[in-house]
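Structure at a glance
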Amino acid sequence: MKQTMEQPGAEQLDTERAVDDCEDGPTPSLQVSGLTVSGWRGGKRLPIAESMDLQVLPGESIAIVGESGSGKSVTARAVLDLLPRGLDADGDVQIGGRDFLKIGGPERRTMRGRRVAFVMQDPFTMLNPLQRVVDQVTAALRSPDGKRLSRAARRAECTTRLAEVGITDEAVLDRYPFELSGGMRQRVAIAAAVAEDPDVLIADEPTTALDVTTQKEVLLLLDRLRRTHGMGLVLITHDLRVAFSTCDRVYVMYAGEVVETASSKDLRAGPRHPYSSALLQAEPPLRERLASLTTIPGSVPSPGARPDGCRFAPRCSFAQDACREAAQELVEVDPEHAVRCRRAVDIAVELAAPPTTVEPTGSNAANDHGERLVKVRGARRLYGDKVAVAGADIDVFAGESVGLVGESGSGKTTLARMIVGLTRPTSGSVEVAGVDLGASSISRADWATVRATAQMAFQDPSSTLNPRRSVGSALKDGLRLTGRKDLDAGAAELLERVGLSADYAQRRPSQLSGGERQRVAIARALSRDPRIVVCDEVVSALDVSVQALILNLLRELQSDLGLTYVFITHDLAVVRQITDRVYVMNQGEVVEQGLTAQVLDDPQQPYTRKLIDSIPTGKDSL
Amino acid sequence: MSAATVAPARDRRTSWAPGLVRYVVGRLLAALLVLVAVSVLVFLFVHIAPGGPEDAIAAPTATEAQRDQIRDDLGLDRPLVQQYLSYAGSLAQLDFGHSYQRRTSTIDPIVDAAAITLPLLFCAWALAMVLGIVLGVVTASRPGSALDRFVLGSTTIGASAPAFAVGTLLAWLFGIQLGWLPVLGAGDGGLDRVKHLVLPVLTASVIALASCTRFTRVRVGEILEEDQLTFAQARGLGRRWILRNIILRNAGVQLVTLSGGLLINLIAGLVIVEQVFNLRGIGSLMVESINDQDIPMVQSITLFVAVFVVLVNLAADLFCFALDPRLRAGLGGDR
Amino acid sequence: MSDILGRRRGRTAATTSRRLRVGSLPISTALAIAVLALMALCAVFDGLAHEPGRINALESLQGPSGDHYLGTDQLGRDIFARIIAGARTSLLGPTLLALGVAVIGAVVAMLAGYFGGRIDAVVSRVVDVLYSIPALMVAIILVGVTGGGFAMTVVILTVFNLPLAVRNLRAAVMERAHLPYMEAARTLGMPTWRILLTHLLPVIAPFVMATFFLQFTYGVVELSSLSFLGLGVPPGAPDWGRMVADNRASMFGNAWATAAPAIAIVALAVSTNLIGEWINDRYEKAGKAR
């Protein structure tokens, strides 16, 4: 049953899959029992993931889903015994029925690659930059008598393996990783990982660093490999939609524990744990716009600070006193559906009912356009001979929220930077409040006008604030430039406006969470009292629950302050929630534009359609 | 499902050959320019030395008549540019001037001195590199161990201790207290010479060893934390494969650059070491000539050192280029 | 259990060395600071030395005693006193050198790293050319040929030690100059000088400090080597490097005459090296723990 090579053809992801029935008796490809991973801090043991029990049958695929701090990545590493320095693992892991953790080091090494394989997140750092593809993919292969393969044999093997992952160009064998795109590298890495035909493949966020169109291809690839090799697949991800579309079974992790496990179908149809339910609801839907997104109050407890009773209790709207007193066990509430919640049966009805506080609003009708604040005509930006933006025409009117959507390399960020004056257009005109930023020289007064009109909030929460300065000083920088005198009061006001208490002004960025830092970044943009806030992927690096918080905040600010937004993102679901009009960009050009609802429901251009189709919705894709 | 391919590939080898040739030629030209600049500076030595140029060139005991002779021979009345050109001209003909004090051409003493300095130089360099890389790799894979901490402490001291202090200490310890090894001079060839060079080689290599060990430890430590290493381990690849293909390869380029720098710094260190151990090498020659104010000698020695430095840099650059395909691609223009 | 490369898992170096600490400093750094402070005191208050220049042929080459803690040198001068007196010269040069390199290096690196473009191209070119030329060698040659004094020596060493400092600081600047918080400052409309002063400088300040201390170490090594060769310092003045050279011949008589100044030099260099490295370690870790 293994080693049947199917030709790459048209496939689709679906959620119904039968386990191979020519396997006799379900010896799991992977069996994890009581796995606990601990770190050390100040001489004390800190459990990061606790008592994990997982099972993967041959040919089955499971997903481990969790936000940051859930312990999912560390679990994957522990299963392979590849934990970074300073972390220990306890528990039992069996691969293909054989003990893994209890045997000696050299034996484990033999099993790695041959029985269990691992693919990591970042295709740019996973491969050796100084070795050719052919050498890396075949590095672990040996001839039947244990010797290294000859050059010709290696090339032949590599060609076969690359064909399996969808690469048929012979030239790739001699390439170095830096000469390949991200998607190609990920495929090469997968080919290298499964070169020895292992029983189970563990993939840690394999598509997170890829564009959404490439993401779909890689997920399809993993799925196909699973079926042709009869291989078990463990997919670690933070994205529930990805989990549902690719895997048979899902384990939801929170704060180091599995809180719910069920088949994809059952979990999607009816989550039984408040966290899973909240997570599902916090995902912005692609198909409709909600009045406001469900958020989860509070934040994930860090390993040393986990509460004694139910770990989710502090944030749970169904929590009772009894929940907080004792730790909860994982209990089966339905066949093949286990939940770690003592109230699971009681709240089943409430969880299943659609939340009454959330209603889809009608799609925004075309507003009467207000004053035109930004007018971009024929903007081009070249870097050497690379074209980042190739002649874009954009308009932004007062009071609206405009989206710039595209994958990496589409030019959306460059265009946004041109609007706030961080990047000069090579040619074309970029008019902001009447000032053409493409002109050869711009007076001080004109720059002041631009600054007072358009400000920006940046993507990466870990570098958006100066680590050596307090939060308050970041806000005062902008306030000072508006001529305001009472800087401390101004900073306090700004903080409160974004939902943080005034005493945050004294704190350093390292003391804030990612979501809090993004709020400060938004406050900083507001400190200049601008009319337009350009949001450059401000939620892309945040957990889903935090993302919802920020999106709600942005909507609130818009209606309170009459702001105009230019929202840059690659995520179409987010675009649906927060923009009225959208421009779709591809390779530096605007390929489609219009009202958000119209563009997303009825795309005219092939690229737009492809973009929408690539999003895993967790339903049958056709 | 579309089969992913790369852009139609031209033959890779010919596509970066012109880039390679351009790079090498570029580096050679740059090297030449540096040497020309050095020659100008060196030429000026006679004019910036205290006293007149004639005093700089002649021996202190020269008579007035000899000084006039020198002035005529070398045309010291002509404008500077002309003087430089004739100096450059004679350099091009491999005529490196005449030391009036020693009464020989400047080259002969240099050649004799090189016979002592060069073996010393390369032994110290080889010792520092080999031992440094080994220690660096070993300690990087055992961070926090007793060995690691000991090595870290030793390299800090080694990197800070001037060669004359180390040399004096070693000379005292092994030469005087223990009497195992001779401390002065270069011995009479063969085994005796080797015995005489042991302490100098050790002294000279200390700073280079400390530097190499430190660097390797840090670099290998970084590589050990990288994803590519975990990925290789996850495929069951063994220690030796990882060491050869990941660790050494990825550290290699910077190690080559470092080794070039170490070699050059060793020359400077040898000036001191030769003083401490009374070796009549190039370093001592230079110090003597400076103390004697024998400028022609100083000029020639400086030129030789400059040529050496330029050659070492050139070799290191070309080596790096050969090792790292990313450097090649940056110039081949075939992204 | 140890894994593939023999690495031991469990406790890391950080946890074990935590035991040997003085306040928040590892014991080695604390010692280093103490040594440096002591020597600085000697440099400033040279009245502590008791007649370092007094020659007394009768007391030549005596061993350590109650009168002369470290004995006397060939001319009967008290070694202990000369060590204390020598602190001033031995610390002054490296201090000036380190200050010059750190300050000029920081300014050049900030300008090149922040503005990029032609400034950076020129700076990088110059740095590349000068980088591989050993400062000590140039100093020996130029000082030797021109017979220059202390001032010239310090200037030459500053110029040839700058490339390394500029290279490192520029790298630190470039890693940070285009981060979002810097771009945000620009977007807000902050004047450039303010951005450099209030945003960039605080962020690279630790690196500049580390550069100061490490450069101090190189300075000690280079300047003492020069004075060992008899260059750059007038004869007779108590200077540690000179003392080592002068007393080498009397190793058989009183070894302390040569050993004491050598140990002092090494102690000074090691101390500043440790301090510089501690700063580097602390702030590199802080930079990575984002």
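Keep in mind the model is a prediction, meaning the values are calculated, not measured. (Residues numbered from 1 in each chain as written. Chains lettered and ligands numbered in written order. Predicted model: local features only at pLDDT ≥ 70, side-chain atom pairs only at ≥ 80, totals over all residues. Heavy atoms only, no water.)

Observations regarding the overall build of chain B
A tally of regular secondary structure across chain B gives 13 helices and 2 strands. Its C-alpha atoms give chain B a radius of gyration of 25 Å, clearly above 20 Å, the size a compact globule of 335 residues would have. By its C-alpha atoms, chain B is 95 × 60 × 35 Å across when sized along the principal axes. Within chain B, residue pairs in contact and separated by at least 24 positions form 74% of the contacts whose partners lie at least 6 positions apart. (Helix = DSSP H or I, 4+ residues; strand = E, 2+ residues; numbered from the N terminus. Rg over C-alpha atoms; globule rule 2.2 N^0.38 Å. Contact = heavy atoms within 4.5 Å.)

As for the interface of chain C and chain B
In this complex, chain C contributes 38 residues to the contact, which on the side of chain B involves 46 residues. Between chain C and chain B lies a buried interface of about 3,800 Å² when both sides are counted; carbon and sulfur atoms form 74% of it. Between chain C and chain B we count 1 salt bridge in total. Two residues, B:Arg214 and C:Glu277, come together in a salt bridge whose shortest N-O distance is 2.4 Å. Applying the counting rule to chain C against chain B returns 7 residue pairs in polar contact (both at pLDDT 80 or more). (Buried area = accessible area lost by both parts, 1.4 Å probe. Salt bridge = Lys/Arg side-chain N within 4 Å of Asp/Glu carboxyl O. Polar contact = N/O pair within 3.5 Å; in protein donor to acceptor, adjacent residues only side chain to side chain.)

Concerning the domain arrangement of chain B
Put simply, an interface is often sized by how much accessible area is lost when its parts join up. Residue and element names in this part refer to chain B. When its domains are assigned, chain B resolves into domain 1 (18–92) and domain 2 (109–329). Taken over C-alpha atoms, the centre of domain 1 sits 32 Å from the centre of domain 2. Contact with domain 1, which involves 20 residues of that partner, is made by 16 residues of domain 2. Between domain 1 and domain 2 lies a buried interface of about 1,500 Å² when both sides are counted; carbon and sulfur atoms form 78% of it. Joining domain 1 to domain 2, the criterion identifies 1 salt bridge. A salt bridge links Arg27 to Asp317, with the nearest nitrogen and oxygen atoms 2.0 Å apart. Our count for the domain 1 to domain 2 interface comes out at 2 residue pairs in polar contact (both at pLDDT 80 or more). (Domains from an automatic or database assignment.)

Looking at the sheet that holds strand β17 (residues 435–436) of chain A
Residue and element names in this part refer to chain A. Strand order in this open sheet of 4 strands is β14-β13-β16-β17, and the pairing throughout is antiparallel. Pairing within the sheet leaves two strands with one partner each, and these edge strands are β14 (386–397) and β17. For strand β13 (residues 372–383) and β14, the ladder comprises 9 bridges, and the chain directions are antiparallel. Residue pairing across strands places Arg380 opposite Ala390, the latter belonging to β14. Here helix α13 (residues 412–420) sits on the sheet and contacts β13, β14 and β16 (427–432); the angle it forms with β13, its principal contact strand, is near 125°. (Pairing = 2+ DSSP bridges. Axes fitted to C-alpha atoms, helices over the stretch in contact; angles between N-to-C directions.)

Remarks on the pairing of β13(A)
All names here are of chain A. The hairpin turn running from β13 into β14, its antiparallel successor, is 2 residues long, and Gly384 in that turn takes a positive phi close to 65°. Note that β13 and β16 share 5 bridges and pair antiparallel. Across the sheet, Val374 pairs through a bridge with Val432, a residue of β16.

Things to note about the confidence of the model for chain B
Residues and elements named next belong to chain B. Scored by pLDDT, chain B has a mean of 83; 91% of the residues are at 70 or more. Element-level pLDDT for chain B is lowest in helix α13 (residues 325–332), with a mean of 70, against a maximum mean of 93 in helix α9 (residues 227–234). Here residues 1–15 is modelled with pLDDT under 50, and outside its nearest four sequence neighbours on either side it reaches 31 contacts, counting other chains as well. Segment residues 331–335: pLDDT under 50, and 12 contacts once partners within four positions in sequence are set aside and those in other chains are kept. Scored as a whole, the predicted complex attains pTM 0.85, and scored at its interfaces, ipTM 0.85. (pLDDT = per-residue confidence, 0-100.)

Here's the deal with the sheet that holds strand β9 (residues 249–254) of chain A
All names here are of chain A. In space, the 8 strands of this open sheet follow the order β6-β7-β8-β3-β9-β10-β12-β11, with mixed pairing throughout. Each edge of the open sheet carries a strand with a single partner, namely β6 (116–119) and β11 (331–334). Adjacent strand axes in the sheet meet at a mean angle of 20°, parallel and antiparallel pairs treated alike. Of the pairings in the sheet, the one linking strand β3 (residues 61–65) to β9 comprises 4 bridges and is parallel in character. Among the inter-strand pairings, Ala63 is bridged to a residue of β9, identified as Val250.

A look at a nonpolar patch on the surface
Residue and element names in this part refer to chain C. Together, Leu99, Val103, Ile104, Val107, Leu111, Phe115 and Ile119 line one region of the surface with nonpolar side chains, adding up to about 570 Å² of accessible area. The element that contributes the greatest number of residues to the nonpolar patch is helix α3 (residues 79–115), accounting for 6 residues. Tracing the chain through its elements places Ile119 in helix α4 (residues 117–131). (Patch = residues over 30% accessible without salt bridge, like charges linked within 9 Å, V, L, I, M, F, W, Y side chains within 5 Å. Areas by Shrake-Rupley, 256 points an atom, 1.4 Å probe, with all protein chains shown as cover.)

Points about the packing of aromatic side chains
Under the definition given, this model contains 12 aromatic pairs over all chains. Measuring from ring centre to ring centre gives 4.7 Å for B:Phe164 and C:Phe228, while their planes differ by 10°; the resulting arrangement is stacked. In this pair, B:Phe164 sits in helix α7 (residues 163–177) while C:Phe228 sits in helix α8 (residues 192–228), so the two residues belong to two different chains. Each member of the pair, B:Phe164 as well as C:Phe228, carries the same accessibility label: buried. Between C:Phe212 and C:Phe216, the aromatic rings sit 6.3 Å apart at their centres with planes inclined by 50°, giving tilted as the arrangement. Of the two residues, C:Phe212 and C:Phe216 both sit in helix α8, 4 residues apart, roughly one turn of that helix. Assessed through its relative accessible area of 5%, C:Phe216 is described here as buried. One aromatic cluster is present, formed by A:Tyr254, A:Tyr275 and A:Phe312 through successive ring pairs. Directly above the ring of A:Tyr383 sits A:Arg381, whose terminal nitrogen or CZ lies 4.5 Å from the centroid. (Phe/Tyr/Trp six-rings, centres within 6.5 Å; stacked < 30°, edge-to-face > 60°. Buried < 20%, exposed > 50% of the residue type's maximum accessible area, 1.4 Å probe, protein only. Lys NZ or Arg CZ within 6 Å of the ring centre and 35° of its normal.)

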